[in-house]
Amino acid sequence: MSVIDEVKQRTDIVEVISQYTKLTKAGRTFRALCPFHSEKNPSFFVYPDRQSWHCFGACSTGGDVFSFVMKKEGIEFGEALRLLADRCGVTIPSRVEPDTKKELKETLYQANEAAAQYFHNLLLKSSAAEKARAYLASRGLTPKTITDFQLGYSLNSWEALKQYLLDRSYAESELLEAGLLAATEDGKTHDRWRQRLIFPIKDARGRTTGFGARVLDDSLPKYINSPQTPIFDKSATLYGLNLAAPAIRQQDSVVIVEGYMDVLTAHQNGFNNVVASMGTAITDKQVNALKRLTRNLALALDADSAGEEAMLRCVDFENTPDRIGSEIKVIILPTGKDPDDVIREDPPAWPRLIGAKAIPVIDYTFDMVTAKLDLTTARDKSLAADRLLPIIAQIKDVVRRAHYLQKLARLVKVSERNLEAALKQVKAGPAKRLPTADKDKEPRQVGVGTSRPDLSGFSSPVEEYCLVLLLQHPELRDHPDTPILLSGEYFENSENREIFTAWRETPDIIGVRERIDSAMWEHLDSLVNKNIPPTSRGQIEQKYANCVLRLREKFLRNLEKQREAILTLEAEAGGTSAELAKLQEQGIEISTELKEVFAQKAKRGQELRR
Ligand SMILES: [Zn+2]
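These figures come from a predicted structure and were not determined experimentally.

Criteria and thresholds
Residues numbered from 1 in each chain as written. Predicted model: local features only at pLDDT ≥ 70, side-chain atom pairs only at ≥ 80, totals over all residues. Heavy atoms only, no water. 1 Å grid on protein atoms, 1.4 Å probe; cavity = no way out; pocket = protein on both sides within 12 Å on 5 of 7 lines; lining within 4 Å. Points joined across faces, edges and corners; volume = space filled by probe spheres on them. Helix = DSSP H or I, 4+ residues; strand = E, 2+ residues; numbered from the N terminus. Nonpolar A, V, L, I, M, F, W, Y, C, P; charged D, E, K, R; others polar. Expected span 1.5 Å × (residues − 1). Core = buried A, V, L, I, M, F, W, Y, C linked by side-chain atoms within 4.5 Å. Buried < 20%, exposed > 50% of the residue type's maximum accessible area, 1.4 Å probe, protein only. Donors = N, O, S within 2.8 Å, 3.2 Å for Na, K, Ca; no water. Tetrahedral: all angles 85-135°; square planar, octahedral: opposite > 155°, others 65-115°.

Draft legend 1. Main features of empty space enclosed by the protein. Counted by the stated rule, this structure contains one cavity of 30 Å³ or more. If you trace the largest cavity, you find it lined by Tyr118, Phe119, Ser154, Leu155, Ser157, Ala160, Leu161, Asp191 and Trp193. For the lining of the largest cavity, the elements supplying multiple residues, two or more each, are helix H5 (98-125) and helix H8 (160-167). Grouping the amino acids of the lining of the largest cavity by side-chain chemistry returns six nonpolar, two polar and one charged.

If you want it as structure tokens, here you go:
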């Protein structure tokens, strides 16, 4: 249970609100003079069973206990949460200071951007960069590519960049923290890179987070990257993503290569959906970053042992539940060639290669495991089963699992039934990366119709499902139903409302994260990582449209229920005719809107049956 849920569970909204205004019991509800606007007749209601409140008067708004405290105290969600947590004795995990942290990060971005610009100018203009320019020309890179990727050059100096940035009033400590400087044991600092070709690394928003630097001769190390910094996490970074994102979205596919040069050559030849992993093995953080753009991932890596290693690790990710519902594919490049070579030699060969050679990563693993074995011998048959069964056991989708069990049975010439028994043993054994055992037994993956994710951990499933869709499918921002969602207060839960508000302001998840209080990160992560069964874009859009409709319906029905309750109370208390008329009028508005919702539902039902 999250801290937010715990606070909610231990807090009684009636008790909290009665500290601010005098509540009078009326049936199953409480009413009061609205604490937010001045009025003579009480139009403020508290609903203990729903733990919510609503003002039917001038405010015409409502929410849960958090939104009440936020509004009343004029504070942010995080502060309201802490205030209520204090009251009920829940401890909130240590608070990060978002403001100072944000400021530092902003400074680091700026320092990196200034450095990138400095290196870029040197590459374009400095006579010292002659060799670097010649190198790039020999690799066939055009001036446009060099500008698009803001390539640069670092001088043969220990202090050139340092001095340049100190002159622009950056502190030495900031430059050190940005990874632009390195420190020796005695604490002296110097430029990290000398005489190197510089590749600025940008995040999805185009901010420079770090650098890769390559030598121009055969000296080692060939590459020196930025160290881990508050804004640079190599394992979460994909080189070229900022420039590739539109193409990835448009083509609904991404090709992941290994090197900077591969990305440059691909983009220069119009293959814009190409990004590079920052090391050999692709990480789940990188997969998650791409998942927001497409579910069709293909890895183009050379067939050396490092590549194989990457594949094997990749299988882990594919089958890690709640990570990715896509099927990662592998493209094996011709021996001794990397994507840069392939594209430069014959550009049209690239799309052909991707189309023809991409195979699911599990099939690739099968090939790799069995390639080194002699499957006519009993020993090697058993080895193959030992290695492949644990991988098969991790496949959640029943049909796919059966497919690979069949494949293994054919390979080792053992009956499927025997393998199935062995598979059960593997599954019963110590769970390696599997989730809880009973979740595994749930048959929900079997049915074709079970297209909704399991939201049982969430408190408002429709709200959360809607957020899962919005966060995981950025294209929904332009969906025709999104303005409807933006126009009303359909999110009743404060934490969902906060995340939705942040999402309105920023297109990417890092931005959402920065905008919300750290207490909500856990909730955000659970939404971002929620596994939705793979479906087509059309289906996603339909699900989203249904979601918006359901939220609207829920909102209107609640409103109607509340209005009726008040109407009864007013009538009993002999309310003024003006008030009664106003409530009647509200009722007409609500029922008109509800009718519209029902009409849309009926229409959608027809479309689905067609
Ligand atoms: Zn009010």
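Draft legend 2. Structural view of helix H26 (residues 537-572). Here H26 is 36 residues long and its end C-alpha atoms lie 53 Å apart, about the 52 Å a rise of 1.5 Å per residue gives. Backbone geometry just downstream of H26 places glycine 574 in the positive-phi region, at approximately 65°.

Draft legend 3. Structural view of the nonpolar core. Within the largest apolar cluster, 59 residues are counted, with the highest numbers of intra-cluster contacts made by Val7, Phe44, Val46 and Leu485. The element that contributes the greatest number of residues to this core is helix H21 (residues 461-472), accounting for eight residues. In terms of nonpolar packing, the next biggest core, distinct from the first, is built from 41 residues, Leu241, Ala245, Ala289 and Ala385 among them.

Draft legend 4. The arrangement of the coordination of the zinc ion in detail. Those donors, Cys34 (SG), His37 (ND1), Cys55 (SG) and Cys59 (SG), are the protein atoms that reach the zinc ion, and they lie 2.0 to 2.3 Å from it. Angles of 99 to 117° at the metal separate the four donor atoms of the zinc ion, which places the site in the tetrahedral class. Mapping the donors of the zinc ion onto the primary sequence gives the spacing C-x2-H-x17-C-x3-C. Taken as a pair, cysteine 34 in the loop between strand S2 (29-32) and strand S3 (44-47) and cysteine 59 in the loop between strand S4 (52-55) and strand S5 (61-63) lie far apart in primary sequence, 25 residues in all.

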